[in-house]
Amino acid sequence: MKHLLLIFPIALTLSSFINNVYSNVFSDLSTNNFKLFCPSPQTFNKSIEKKEDLHDKRILNGWYNHPSGKNYNINLNIVNAEENEVYPPAIYHLSPTPSWSGESNQPGARFGCSVASAGDVNGDGYSDVIVTAAFYDNGQTDEGRVYVYYGSANGLSDSANWTAETNQNFAYLYSAACAGDVNGDGYSDVIVGSQNYDNGQTDEGRVFVYFGSAAGLSLTPNWSAESNQSGAHFGVSVSSAGDVNGDGYSDVMIGAQTYNGGQSGEGKVFVYYGSSKGPPQNPDWTAEGDQTDAQFGISVSNAGDVNGDGYSDVIIGAWLYDNGESDEGRAFVYSGSPSGLSNVATWTAESNQPGAEFGFSVSGAGDVNGDGFSDVIIGSFLYDNNQADEGRAFVYYGSQNGLSNTAGWTAESDQINARFGVSVSSAGDIDGDGFSDVIIGSYRYDNGETDEGRVYVYRGSPSGLSGVADWTAESNQPGALFGYWVSTAGDINGNSISDIIIGSINYDNGQTDEGKAFVYNGIGISNLKTLKLTLLIQGFYRNPNDIMIRDSIKVYLRNADSPYAIADSSKAYLNNSGKAVLLFRHTLNGVSYYLEVKHRNSIETWSSVPITFINSGADFDFSGSSSQAFGNNELQLSSTLSKFGFFSGDVDQDGIIDLSDIILIYNDAVNFASGYVRTDINGDYNTDLTDILVAYNNSINFIAKIIPQ
């Protein structure tokens, strides 16, 4: 499959960019002379985003439908257009058809009730997928069936490699997920929930875990658990919890949405910690909704590590929770630690709208803005904003202090009763740019067919998720409910790019409401170049521990000859060792570039010599000697370790550390400024005397940027 890249040979201001793209640039994409054809400006959506520590970014997205029938998704990015930086547009080729689909071949089975990556259950290096058909019959009415399909270099197998059933009437095997590796044997395991299972109590629910191995999943459950309470519906939701206590084993979590503790229908969630033998029989941690009919546990998920402490956190939805508004819904996050999950929620959020049912779906979103902290996504599928029950999804960004109090990103369907957000998930990284993407289902969306459903994918970036969907798909069948469940599929074909899986529970193909699941392969961005960079920053370096406080940097590649024009740029996070991996889209092998590195409150620093990418890769280390920086413009941070770093204190980024920077820091210090602010020179999230001293000492030494002339 060919990837297309458009490069405009001149720097564009925003106005000239729009004039050139909208009015003048066109040709036939069937040739190798790729240019951009825009039928009309109305085919594009435009948004402008700003964020602390990021440049202005103007993004235009659209589609070109070529006469050949191929679809080209067009992303046009101009950063600092007013400064004439060159950011050529890129085109990503998306197939209009899925790479794989599966069905139940039984009327009313509703294949696709739950779809997910199964991890790698047989250790062959390819991700596998798991799908349920809650109403499948095979000897027992509506017992349900779960299917696993193995990945390979050619994608998923045509027929299921493994199946399991409940063997009980009306048990409804509904939910399924990857359990992680609960017994530490190196193979992924799966967890399956049967919410209406009876074993002493009617509809108490039961959950099963099957271990992976070189031969695939075990034929019988290796572990099971029940609620031992009638009507609790234990297993309505299941998920890996990640590793919440840092013992090296994956843990599992299970929701029982109508469990009665002190309140009827409050709901309860159970977490079982992994071990060499797998999960224990009794839960290691539980939590309840503590409100009548809140249905805490309708959705559960691993949240990733939202505060960067090295322990997995979990997120739980209570879609009927009331707090000022009836059935507004609430989501809860509990933090991991060496002793396991916190006893009380460390973060909560609500919709603040009656009947919005916020938290019906919850998921970890991965790291959508590349800041090193996991983010979460929450669906509120009956949210109203000019359209009744259009639905909304909310993303909250992680940080050292945990999740943001307000949503960093939202999106809606803009259609009455579309129910956008009925399902939400991380999509993995579908384009290989190093940022996590998200996928959202809108299962009652209409576009030619009533309730056909639509699915949306939004791509991550340094500034967060895109303002408009980068990719959508529909079932093109009335009543199919495409998008009832969505998930990343992992990497099913081993190309190092994430794929996605979508459930369409009422899809008909020979049998009414048999259901169908669809997989779409991630494509990636062609010709990416990778720079492995090491550098230290004076204020953020801790000596003698030899660690860096993590923070973001922006790297520009500049042509090696005067006037040293910008050729490309990338943003990444320095880890605790001062290392970062940066991806460049428009860089050429065999061409020399200076590195220009910018940090929010340090002196702009250039590499001493130009670097060259060979076989799409390059390495550069600023930390070993001041001679690695142009003009030897670094200071020694550690005499014993011979470490060198960038000067800190250029708060206003004017290229010199002087009185103006000290005044900015002083004013913030007397006002007790805290958080992620530019005046925090040493990265401790507070502006105080220590920050002033760093800038003052550098100012009296007349520290300024040194660049080629």
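Predicted model only: the values in this text are computed from it and were never measured.

## Observations concerning the overall build of the chain
Stage number 1. What the chain contains, in helices and strands, is 3 helices and 45 strands.
Stage number 2. In the chain, which comprises 709 residues, the share counted as buried stands at 60%.
Stage number 3. For the chain, the proportion of contacts with a sequence separation of at least 24, taken over those separated by at least 6, is 55%.
Stage number 4. Here the chain has roughly 26600 Å² of accessible surface; of this, 46% comes from carbon and sulfur atoms.

## Some thoughts on helix 2 (residues 659-670)
Stage number 1. For helix 2, which comprises 12 residues, the first-to-last C-alpha distance of 16 Å matches the rise-based estimate of 16 Å (1.5 Å per residue) to within 8%.
Stage number 2. Within helix 2, burial applies to Asp661, Ile662, Ile665 and Ala669. Each buried residue of helix 2 lies within a common arc of 95° when the element is viewed along its axis, so the set occupies one face.
Stage number 3. Taken together, the buried residues of helix 2 touch helix 3 (689-699).
Stage number 4. Immediately downstream of helix 2, the backbone of Phe672 shows phi near 55°, a positive value.

## Side note on the pattern of salt bridges
Stage number 1. Throughout the structure, instances matching the rule amount to 16 salt bridges.
Stage number 2. Between Arg206 and Glu226 there is a salt bridge; the shortest N-O distance is 3.1 Å. Of this pair, Arg206 sits in strand 13 (residues 206-210) while Glu226 sits in strand 14 (residues 223-226), placing them 20 residues apart in sequence.
Stage number 3. Note on Arg206: relative accessible area 18%, which makes it buried.

## Structural notes on the side chain of Glu204
Stage number 1. Considering the arrangement of structural elements, one finds Glu204 in the loop between strand 12 (189-194) and strand 13.
Stage number 2. For the buried Glu204, no salt bridge exists, and the shortest N-O distance to an oppositely charged side chain is 7.3 Å, to Arg206.
Stage number 3. A polar side-chain atom of Glu204 sits 3.1 Å from the main-chain amide nitrogen of Asn199.
Stage number 4. There is a polar contact of 2.8 Å between the side chain of Glu204 and the backbone nitrogen of Asn228.
Stage number 5. In contact with Glu204, other than residues within four places in its own chain, are Gln195, Tyr197, Asp198, Asn199, Glu226, Ser227, Asn228, Gln229, Gly231, Ala232, His233 and Phe234.

## Regarding the sheet that holds strand 18 (residues 285-288)
Stage number 1. With antiparallel pairing, 4 strands are arranged side by side in an open sheet as 15-16-17-18. The open sheet has two edge strands with one neighbour each: strand 15 (234-242) and strand 18. Adjacent strand axes in the sheet meet at a mean angle of 20°, parallel and antiparallel pairs treated alike.
Stage number 2. Where strand 16 (residues 251-256) and strand 17 (residues 268-272) come together, 5 bridges link them in antiparallel fashion. Note on strand 17: the bridge partner recorded for Val252 is Tyr272.

## Section: the nonpolar core
Stage number 1. Membership of the largest hydrophobic core comes to 41 residues, with the highest contact counts inside it found for Leu531, Leu533, Leu535, Val555, Leu595 and Phe622.
Stage number 2. Once residues within four sequence positions are removed from consideration, Leu535 is found in contact with Ile553, Leu574, Gly578, Val597, Phe622 and Phe646.

## Considerations on the packing of aromatic side chains
Stage number 1. Within the structure shown, the criterion is met by 36 aromatic pairs.
Stage number 2. Between Tyr147 and Tyr149, the aromatic rings sit 6.4 Å apart at their centres with planes inclined by 10°, giving stacked as the arrangement. Tyr149 carries the same exposure label as Tyr147, and that label is buried.
Stage number 3. Where Tyr594 meets Phe630, the ring centres are 6.1 Å apart and the plane angle is 80°; that geometry is what we call edge-to-face.

## Quick notes on unusual backbone geometry
Generally, phi is negative for residues other than glycine and the peptide bonds are trans, each holding for most cases.
Stage number 1. At the junction of Asn543 and Pro544, the peptide bond is cis and its omega measures out at 15° in the coordinates.
Stage number 2. Locating Pro544 in the fold gives a position in the loop between strand 35 (541-542) and strand 36 (547-548).
Stage number 3. The omega torsion across Ser562 and Pro563 is 15°, close enough to zero to call that bond cis.
Stage number 4. You can see Pro563 is positioned in the loop between strand 37 (551-559) and strand 38 (566-574).
Stage number 5. With a phi close to 60°, Asp293 is a non-glycine residue in the positive phi region.
Stage number 6. Secondary-structure assignment places Asp293 in the loop between strand 18 and strand 19 (296-304).

## Some remarks on the pairing of strand 29 (residues 454-458)
Stage number 1. In terms of burial, strand 29 is a largely internal element, 5 of the 5 residues being buried.
Stage number 2. Residues Arg454, Tyr456 and Tyr458 line one face of strand 29 and the alternating positions Val455 and Val457 line the opposite face, and both faces are buried.
Stage number 3. Both strand 28 (residues 437-442) and strand 29 contribute to a ladder of 5 bridges, which runs antiparallel. The residue bridging Gly441 from the neighbouring strand is Val455, located in strand 29.
Stage number 4. Two strands pair when backbone bridges link them, and strand 29 and strand 30 (residues 471-474) are joined in this way by 4 bridges, in the antiparallel orientation. Counted as the bridge partner of Tyr456 is Thr472 from strand 30.

## Looking at helix 3
Stage number 1. Looking only at helix 3, the buried set comprises Asp691, Ile692, Val694, Ala695, Asn698 and Ser699. What you see down the axis of helix 3 is that its buried residues fit within an arc of 160°, all on one side.
Stage number 2. Looking at the buried residues of helix 3, the elements they touch are helix 2.

## Section: the sheet that holds strand 30
Stage number 1. Here we have 4 strands laid out as an open sheet, ordered 27-28-29-30, and antiparallel in their pairing. Taken across any chain shown, the strands that pair with only one partner, and hence form the sheet edges, are strand 27 (420-428) and strand 30. In this sheet, adjacent strand axes meet at a mean angle of 20° when their direction is disregarded.

## Details of the environment of Asn154
Stage number 1. Structurally, Asn154 is set in the loop between strand 9 (145-149) and strand 10 (162-165).
Stage number 2. Residue class for Asn154 comes out exposed when judged on its relative accessible area of 78%.
Stage number 3. For Asn154 and Ser99, which are 55 residues apart along the polypeptide, the C-alpha to C-alpha distance reads 9.9 Å.

## Digging into the pairing of strand 38
Stage number 1. Within strand 38, 9 of the 9 residues are buried, leaving the element largely enclosed by the surrounding structure.
Stage number 2. Both strand 37 and strand 38 contribute to a ladder of 8 bridges, which runs antiparallel. For Ser552, the partnering residue across the bridge sits in strand 38 and is Tyr573.
Stage number 3. Here strand 37 hands over to strand 38 after 6 residues, with Tyr564 in that stretch at a positive phi of 60°.

## Points about the environment of Pro283
Stage number 1. Counting through the fold element by element, Pro283 comes out in the loop between strand 17 and strand 18.
Stage number 2. Expressed as a C-alpha distance, the spacing of Pro283 and Val269, which sit 14 residues apart in the sequence, is 9.6 Å.
Stage number 3. In this structure Pro283 touches Phe270, Val271 and Tyr272, once residues within four positions along its chain are discounted.

## Description of the packing of helix 2 against helix 3
Stage number 1. As a packed pair, helix 2 and helix 3 sit with axes 9 Å apart at the nearest point and diverge in direction by 170°. With respect to helix 3, the element helix 2 is oriented roughly antiparallel. In this structure, helix 2 uses Ile662, Ile665, Tyr666 and Ala669 to contact helix 3, whose residues at the interface are Asp691, Ile692, Ala695, Tyr696 and Ser699.
Stage number 2. Of the residues contributing to the contact of helix 2 with helix 3, the split by class is 7 nonpolar, 1 polar and 1 charged.

## Some remarks on the environment of Gly372
Stage number 1. Within the secondary structure, Gly372 is located in the loop between strand 23 (358-366) and strand 24 (375-380).
Stage number 2. Residue Gly372 is classed as partly exposed on the basis of its relative accessible area, which comes to 34%.
Stage number 3. For the pair Gly372 and Gly308, spaced 64 residues apart in the sequence, the C-alpha separation amounts to 7.3 Å.
Stage number 4. Each residue touching Gly372, except ones within four places of it in the same chain, is listed here: Asp367, Arg550 and Tyr573.

Definitions and cut-offs
- Residues numbered from 1 in each chain as written.
- Predicted model: local features only at pLDDT ≥ 70, side-chain atom pairs only at ≥ 80, totals over all residues.
- Heavy atoms only, no water.
- Helix = DSSP H or I, 4+ residues; strand = E, 2+ residues; numbered from the N terminus.
- Buried < 20%, exposed > 50% of the residue type's maximum accessible area, 1.4 Å probe, protein only.
- Contact = heavy atoms within 4.5 Å.
- Areas by Shrake-Rupley, 256 points an atom, 1.4 Å probe, with all protein chains shown as cover.
- Expected span 1.5 Å × (residues − 1).
- Arc of directions from axis to C-beta.
- Salt bridge = Lys/Arg side-chain N within 4 Å of Asp/Glu carboxyl O.
- Lys, Arg positive; Asp, Glu negative; His and termini not counted.
- Polar contact = N/O pair within 3.5 Å; in protein donor to acceptor, adjacent residues only side chain to side chain.
- Pairing = 2+ DSSP bridges.
- Axes fitted to C-alpha atoms, helices over the stretch in contact; angles between N-to-C directions.
- Core = buried A, V, L, I, M, F, W, Y, C linked by side-chain atoms within 4.5 Å.
- Phe/Tyr/Trp six-rings, centres within 6.5 Å; stacked < 30°, edge-to-face > 60°.
- Parallel < 35°, antiparallel > 145°, perpendicular 65-115°, else oblique.
- Nonpolar A, V, L, I, M, F, W, Y, C, P; charged D, E, K, R; others polar.

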